[in-house]
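A look at the structure
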Amino acid sequence: MSEHTASSPTNDEVDSSPDFLSCPPIFVLPTHLSLESLHEIEEDLVKRNARLTYDISEARLILGKIGQEKRAALELRSRGVWTEPISKYEPPTKRRRVEAQEPVKSARQDDIIDLSTETEDEEDGMRSRHGPSRHLNRPKPPSASASTPHPSIASSDQSDVISVVKLDWLNQCLQAQELLSIEPYLVYLARQIPSPAKPQPNQPTKTTTKSADILQRAKQDAVLQPPPPPPTHNHHSRTHTTHQPPPLPQTTTSEHDEVVSPHSPPPWVKNNIIYACLRSTPLHPPNEDFINQLLKIRHIRELTLDEIGVRAYSTSIAAIAAYPHEIRRSSEILSLPGCDTKIANLFHEYQHSANHTLATANELDISPSLQTLHTFTNIWGVGTKTARDFHYNHNWTTLDDIIEHGWPTLSRVQQIGLKYYDEFLQGIPRPETSHIAAIVTKHANRVRPDAGTPIQCAIVGGYRRGKPLCGDVDLILTHRDEHITKNLVVDVVASLESEGWITHTLVLHLMHSQRDQQTLPYRASDDSTAPGKNFDTLDKALVVWQDPHFDDSDHHHHHSHADTDSEEEKTRQKRKRNPNIHHRVDIIVSPWRTVGCAVLGWTGDKTFERDLRRYVKKTHGWKFDSSGVRERTTGGQVVDLEAGGETWEERERLVMQGLGLGWRDPEERCTR
DNA sequence: GGGCTGTACTG
DNA sequence: CAGTAC
DNA sequence: GCCC
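Small disclaimer: the values here were computed from a predicted structure and weren't measured.

**Overview of the overall build of chain A**
Check the secondary structure of chain A and you find 28 helices and 14 strands. Within the span of chain A, comprising 672 residues, buried residues form 48% of the whole. Pairs at least 24 apart in sequence give 76% of the contacts found in chain A among residues at least 6 apart. Accessible surface computed for chain A: about 32100 Å², of which carbon and sulfur atoms make up 53%.

**Considerations on the pairing of strand β9 (residues 473-479)**
Most of β9 sits out of view: seven of its seven residues are buried. Along β9, one buried face is formed by V473, L475, L477 and H479 and the opposite face, lined by D474, I476 and T478, is buried too. Note that β9 and strand β12 (residues 583-591) share seven bridges and pair parallel. The residue of β12 that forms the bridge with D474 is D586.

**Digging into the protein's contact with DNA strand C**
Neighbouring DNA strand C are 13 residues, the closest being W380, G381, G383, T386 and W602. Backbone atoms, meaning sugar and phosphate, form 100% of the atoms of DNA strand C found within 4 Å of the protein. Between D586 and DNA strand C, the recorded distance is 3.1 Å, taken from a side-chain N or O atom to a sugar or linking oxygen. Contributing elements (two or more residues each) for the surface near DNA strand C: α16 (384-393) and β12. Looking at the surface near DNA strand C, the element that brings in the most residues is α16, giving three residues. Its residues assigned to classes, the surface near DNA strand C comprises five nonpolar, four polar and four charged.

**Digging into helix α10 (residues 288-303)**
For an α-helix, the turn length of 3.6 residues means that residues three or four places apart are oriented alike. If you check α10, its first and last C-alpha atoms are 22 Å apart, about what 16 residues at 1.5 Å a residue would give, namely 22 Å. By the burial criterion, the buried members of α10 are F290, I291, Q293, L294, L295, I297, R298, H299, I300, R301 and L303. Positive backbone phi, approximately 65 degrees, marks L305, located one or two places after α10.

**Re a nonpolar patch on the surface**
Residues V490, L508 and L510 make up a contiguous nonpolar surface patch of roughly 230 Å² in combined accessible area. Of note, V490 is situated in helix α23 (residues 488-498). Judged by its relative accessible area of 37%, V490 falls in the partly exposed class.

**A closer look at the nonpolar core**
One finds V440, L477, L496, W545 and V585 to be the most contacted residues of the largest nonpolar core, which totals 28 residues. Where this core is concerned, the elements lending two or more residues are α20 (430-447), β9, α23, β11 (537-545) and β12. Ignoring any residue separated from it by four or fewer positions in sequence, one finds L496 in contact with I439, V440, H443, W501, I502, W545 and I587. Counting 26 residues, the second largest nonpolar core, distinct from the first, contains V269, I291, L295 and C339.

**A closer look at the environment of P454**
Within the element layout of this structure, P454 appears in the loop between α20 and β7 (456-459). In this structure P454 comes out as exposed when scored by relative accessible area, which is 54%. Taking the C-alpha atoms as reference points, P454 and T441, separated by 13 residues in sequence, lie 8.9 Å from one another. Apart from residues no more than four positions distant in its own chain, P454 is found in contact with N445 and H479.

Conventions and cut-offs
Residues numbered from 1 in each chain as written. Chains lettered and ligands numbered in written order. Predicted model: local features only at pLDDT ≥ 70, side-chain atom pairs only at ≥ 80, totals over all residues. Heavy atoms only, no water. Helix = DSSP H or I, 4+ residues; strand = E, 2+ residues; numbered from the N terminus. Buried < 20%, exposed > 50% of the residue type's maximum accessible area, 1.4 Å probe, protein only. Contact = heavy atoms within 4.5 Å. Areas by Shrake-Rupley, 256 points an atom, 1.4 Å probe, with all protein chains shown as cover. Pairing = 2+ DSSP bridges. Near = heavy atom within 4 Å. Polar contact = N/O pair within 3.5 Å; in protein donor to acceptor, adjacent residues only side chain to side chain. Nonpolar A, V, L, I, M, F, W, Y, C, P; charged D, E, K, R; others polar. Expected span 1.5 Å × (residues − 1). Patch = residues over 30% accessible without salt bridge, like charges linked within 9 Å, V, L, I, M, F, W, Y side chains within 5 Å. Salt bridge = Lys/Arg side-chain N within 4 Å of Asp/Glu carboxyl O. Core = buried A, V, L, I, M, F, W, Y, C linked by side-chain atoms within 4.5 Å.

Now the structure itself:
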């Protein structure tokens with residue numbers, strides 16, 4: 001039917017040929033496609049009766065902007081579809097029966113392992129030798145056998161044979177206005193196999209989105225949506241200052257697409273507030289599931305040394321985390337500062353994927369090398385560089401490998417980090433955190449008996465943001481008298497060490513801003529508390545904490561000599577291992593003068609802190625850090641914003657107001 | 001096309 | 001200086 | 001990857 005219409009290229013029929021109805025269910029890989037082109041392609045297909053599906057597991061024909069067999073296998077696998085390559089010329093029906101009956105068998109097992117090994121290769125892009133199978137003949141030019149569709153396109157519908165085909169096939173079909181053989185465009189011909197390890201969350205196959213269905217949605221959306229842009233100019237114009245509706249041609253909505261009115265954008269969206277420190281960001285935002293996917297991608301960026309990627313994802317994540325509605329359309333994403341088509345695309349994928357995951361994010365769980373790197377960077381003192389060195393230069397893949405082959409080469413803190421690997425990864429419950437804070441405070445006051453008023457302790461970090469479990473304990477000790485806080489860290493640590501609370505000191509920071517204050521002229525200060533004191537010492541100790549008390553009850557040990565008992569008791573307790581868990585504790589000491597800055601700087605979440613510094617730089621030309629605010633010019637004059645604050649909470653508030661942030665509760669700084 | 005937080009310790 | 005941590 |  002396609003041929004006869006070819007003569008009149010301007011009428012409507014041309015537009016809807018060829019007809020893809022005879023093709024098996026089609027899935028379009030979003031990889032390397034903008035949201036716009038993806039939608040365009042999907043629309044093209046739907047218009048021509050294609051059986052488009054958003055559930056890749058039911059697709060038999062997969063179109064994608066990819067050219068390599070290996071890549072194709074990876075794309076499928078990261079979407080939960082495990083495959084093995086088959087020869088193009090092997091009759092696909094034969095093996096299927098065998099497959100269905102045999103569970104997971106010997107020869108196949110090998111294939112699976114091979115496949116997972118490959119992911120590794122894919123990651124670093126370094127070793128790229130063996131593909132899933134040998135390449136067969138390279139595609140011949142489309143003209144050769146083009147006129148009749150490959151029989152397998154139509155018939156393989158039911159089977160477990162999957163064809164991954166270059167997107168170009170579609171373009172050529174549209175141009176020729178007839179179905180062309182997929183064979184010259186075939187990237188990967190595969191058979192679906194059961195996934196090896198994890199039980200694939202077998203989706204109830206719900207989403208065979210019929211063409212009519214989609215068309216309806218598209219129309220519905222077209223009505224709902226503000227006027228779509230003329231199809232000619234495809235670059236989206238983000239005029240943020242005048243908050244125009246997102247100009248994305250929207251073709252699909254969520255599963256239950258009742259007629260929904262668009263969310264009214266929160267003020268920070270309307271005003272295009274790009275700094276996370278100016279927004280309220282709760283610990284559990286409405287789009288947390290999607291954010292968790294993005295966090296995984298960000299983590300992959302970390303592990304692969306893509307710092308800028310990390311930055312970009314952090315920005316996007318922070319914006320989405322601040323968004324107070326459950327997102328229904330990818331166009332909503334486009335309206336958020338720090339989010340553009342990349343993230344909107346990912347949301348589209350997230351929304352339409354059967355399991356609500358992202359292929360890229362899944363690689364973190366699938367890829368052996370990423371998992372190894374992940375394991376290694378979780379060692380305190382081992383960052384991304386060292387982790388990669390361990391893995392790629394030493395070929396270590398487990399912690400035991402490091403211990404066995406590299407122990408003497410490790411730095412002291414890395415050895416400690418390795419020794420308490422599991423314990424440091426345990427979250428610390430809030431009651432335990434406050435208990436630790438109380439003990440530290442007690443010791444602080446014990447080593448400053450003449451302080452007059454007690455030394456105060458602020459629990460900051462994740463605890464202050466409201467997390468039920470914290471990765472470490474962050475404490476700020478302060479006192480109005482600068483003589484009291486001077487050298488306080490050292491004395492507190494020593495005291496805690498002597499009582500057994502601190503087992504190791506990972507690092508001591510004794511940050512003397514002596515030189516800063518030396519070089520700069522004294523500010524005619526209204527309240528210079530201690531004119532003689534030239535340094536503000538914001539000192540900190542990063543330590544390993546363990547409760548020294550434990551139950552060593554050994555009930556059948558009965559002493560015959562009462563007088564030696566206590567002595568015996570002690571030595572025996574020393575010999576017996578303390579089973580209490582080790583924790584990471586940061587003890588920071590701040591002079592009163594800048595305690596507001598310290599508290600603000602340490603309550604954080606990383607993106608909040610970064611954006612805070614960027615904002616302060618941009619708007620005031622100041623330099624913020626947890627030991628104060630300075631001018632960037634003129635040798636760094638101190639800017640005192642917290643003078644007169646009577647409590648550390650009040651001083652933090654003064655700093656925030658002075659910086660132009662207004663007030664934001666700590667629980668609203670969870671930018672991730 | 002340039003910028004992306006800012007700082008100190010360790011080895 | 002590179003690497004790490006906060 | 002996104003903003004200015």
